[in-house]
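# Examining the three-dimensional arrangement
Residue-level listing of the chains:
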Amino acid sequence: AQSVTQLDSQVPVFEEAPVELRCNYSSSVSVYLFWYVQYPNQGLQLLLKYLSGSTLVKGINGFEAEFNKSQTSFHLRKPSVHISDTAEYFCAVRVKGGYNKLIFGAGTRLAVHP
Amino acid sequence: GAGVSQTPSNKVTEKGKYVELRCDPISGHTALYWYRQSLGQGPEFLIYFQGTGAADDSGLPNDRFFAVRPEGSVSTLKIQRTERGDSAVYLCASSLGGRTSGSYEQYFGPGTRLTVT
């Protein structure tokens, strides 16, 4: 079975500061990795995904994430956040070669303050 | 183009009643998924359709939950004898395909907030 742990339930940060949202996963088989963002009263939107190749993945809105196989981590980073980045962020995995169902972490609420 | 739509956006029902939640996927998407998101949690997989058939229903919590997709497009999630613990946001997602490729991005709808009183 697979599981995803998001180590911080809430991350407060000031505008223009850097941020890292942490994600660790557990799986006995190879997985694909995803980060989704959920703005208030909106559906989930894909930020970025790691399928294969370069372990540093760039996504929308200036976010990037790095896959670390030895540490089974996929941390999300942004060098300078904006007020508009305030949202809930979810890390998710999907088994390679399996059905496309996603297994999500509990989420991290990013609160950007002026 | 139009995204995934879900109706109703909010549903309040009494314990023991029957409810139906509807999902309209993106046109041409053969794969459809239902997830449930409880307060303070990440989405939890319920069921996956490839075309008209349920390819994986391992996430349905019990036999009070049932979902259909009779024509391979619109899907309905049905909950019988609702309980207060069923209160959650029910999310629907669709994608071009379902198996073998990680590149089939799932597009999520805004969800239906179900409250059982």
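Higher on the page you've got the structure.
Each chain carries its own residue numbering, running from 1 in the written order of its sequence. To label them, take the chains in the order written and letter them from A, then take the ligands in the order written and number them from 1. Only residues with pLDDT of at least 70 are given local features in this predicted model, and only at 80 or more are side-chain atom pairs given and counted; all residues enter the totals for whole chains, interfaces and linings. With hydrogens and water set aside, each side-chain value is computed from the structure's full complement of heavy atoms.

All names here are of chain B. A pair of strands is considered paired only if DSSP assigns at least 2 bridges between the two. For helices the rule is a DSSP run of H or I covering at least 4 residues; for strands it is a run of E covering at least 2, with both sets numbered from the N terminus onward. Taken in spatial order, the four strands line up as β1-β3-β8-β7 in an open sheet, and their pairing is antiparallel. In the strand order of this sheet, the two ends are held by β1 (5-7) and β7 (65-68), each with one partner. Going across the sheet, the axis of each strand differs from the next one's by a mean of 15°, ignoring polarity. Here β7 pairs with strand β8 (residues 75-79) via four bridges, running antiparallel. The residue of β8 that forms the bridge with V68 is T76. The convention used is that axes are lines fitted to C-alpha atoms, helices contributing only their stretch in contact, and that angles between N-to-C directions extend from 0 to 180 degrees.

We now examine the interface of chain B and chain A. The contact definition used throughout considers only heavy atoms, calling two residues in contact when any of these lie within 4.5 Å. Counting residues at the interface gives 27 residues for chain B, matched by 20 residues for chain A. Accessible area that two parts lose when put together, with a 1.4 Å probe and added across both, is what the buried area reports. Buried area between chain B and chain A, both sides added, is near 1900 Å², and the carbon and sulfur share of it is 52%. One speaks of a salt bridge when a side-chain nitrogen belonging to Lys or Arg is within 4 Å of a carboxyl oxygen belonging to Asp or Glu. For the interface between chain B and chain A, the tally reads one salt bridge. Notably, a salt bridge pairs D56(B) with K101(A), separated by 3.5 Å at the nearest N-O pair. Polar contact is defined as a pair of N or O atoms within 3.5 Å, subject to the rule that within protein one atom must be able to donate a hydrogen and the other to accept it, and that residues adjacent in sequence are counted only when both atoms are side-chain atoms. Put simply, chain B and chain A have three residue pairs in polar contact (both at pLDDT 80 or more) between them. Secondary-structure elements contributing two or more residues to the side of chain B that touches chain A are β4 (31-37), β5 (44-50), β6 (53-56) and β9 (88-95) of chain B.

Before going further, it helps to spend a moment on the packing of aromatic side chains. Pairing of aromatic rings covers Phe, Tyr and Trp, the last counted by its six-membered ring, and requires centre-to-centre distances within 6.5 Å; plane angles under 30 degrees mean stacked, over 60 mean edge-to-face, and any other angle means tilted. Following the criterion strictly, the structure yields 13 aromatic pairs over all chains and no others. Summarising the aromatic geometry, the rings of F104(A) and F108(B) are spaced 6.2 Å apart at their centres and angled 75° between planes, so their arrangement reads as edge-to-face. Pair noted here: F104(A) is in strand β11 (residues 103-104) and F108(B) is in strand β10 (residues 107-108), and the two residues belong to different chains. Like F104(A), the residue F108(B) is buried in the burial classification. Both rings, one in Y35(B) and one in F108(B), keep their centres 5.5 Å apart while their planes meet at 45°; by these two values the pair is tilted. Highlighted residues: Y35(B) in strand β4 and F108(B) in strand β10, separated in sequence by 73 residues. There is no split in this pair, since Y35(B) and F108(B) are both buried. Chaining the aromatic ring pairs together yields one cluster made of F34(A), Y36(A), F90(A), F104(A), Y33(B), Y35(B), F45(B), Y48(B) and F108(B). Three labels apply to residues, based on accessible area from a 1.4 Å probe with only protein chains included: buried if under 20% of the type maximum, exposed if over 50%, partly exposed otherwise in between.

Residues belong to a common nonpolar core when they are buried Ala, Val, Leu, Ile, Met, Phe, Trp, Tyr or Cys residues joined through side-chain atoms within 4.5 Å. W35(A), L48(A), L76(A) and Y89(A) are the most contacted members of the largest nonpolar core, which totals 28 residues. Ignoring sequence-local partners within four residues, the contact set of L48(A) consists of L33(A), F34(A), W35(A), V57(A), K58(A), G59(A), F63(A), E64(A), A65(A), F74(A) and L76(A). Residues V19(B), C23(B), L32(B) and L60(B) belong to the second largest nonpolar core, which totals 20 residues.

The next subject is the pattern of salt bridges. Residues and elements named next belong to chain A. The final tally for this structure, using the stated rule, is 11 salt bridges over all chains. Ionic pairing is found between R22 and D8, a salt bridge with its closest N-O pair at 3.0 Å. Residue R22 is located in the loop between β3 (19-21) and β4 (23-26), and its partner D8 is located in the loop between β1 (3-6) and β2 (10-14); the two are separated by 14 residues in the primary sequence. Residue classification places R22 among the partly exposed positions, given a relative accessible area of 32%.

Residue and element names in this part refer to chain B. Mapped onto the fold, L39 is located in the loop between β4 and β5. Judged by relative accessible area, L39 falls into the exposed class, the value being 84%. Along the chain, L39 and Y104 lie 65 residues apart, while their C-alpha atoms are 27 Å from each other.

Its boundaries defined by the atoms lining it, the largest pocket holds a volume of some 680 Å³. Site definitions follow a grid-based scheme: protein atoms alone, a 1 Å grid, a 1.4 Å probe that fits but cannot get out for cavities, and for pockets an open set with protein on both sides within 12 Å along at least five of seven lines, plus lining residues having an atom within 4 Å of a point. Looking at the largest pocket, it is lined by 27 residues, and the ones nearest its centre are Q38(A), N41(A), Q37(B), V89(B) and R113(B). The classification used treats Ala, Val, Leu, Ile, Met, Phe, Trp, Tyr, Cys and Pro as nonpolar, Asp, Glu, Lys and Arg as charged, and all other residues, Gly among them, as polar. Broken down by class, the residue content of the lining of the largest pocket amounts to 10 nonpolar, 14 polar and three charged. Quantified by volume, the second largest pocket comes out at close to 160 Å³. As for the second largest pocket, its lining consists of Y25(A), S27(A), V29(A), S30(A), V31(A), Y50(A), F67(A), K69(A), T72(A) and K96(A). Grid points are joined across faces, edges and corners, and a volume is the space filled by probe spheres set on the points.

On to the state of the cysteines, then. All names here are of chain A. Our working definition of a disulfide is a cysteine sulfur pair at a distance within 2.5 Å. Under the defined criterion, the tally for this structure stands at two disulfides over all chains. Between C23 and C91 runs a disulfide, and the two sulfur atoms are separated by 2.0 Å. Disulfide C23-C91: the torsion about the S-S bond is -65°, which places it as left-handed. With C23 in strand β4 and C91 in strand β10 (residues 87-95), this residue pair connects regions lying 68 residues apart in the sequence. Side by side, C23 and C91 carry an identical accessibility label, which is buried.

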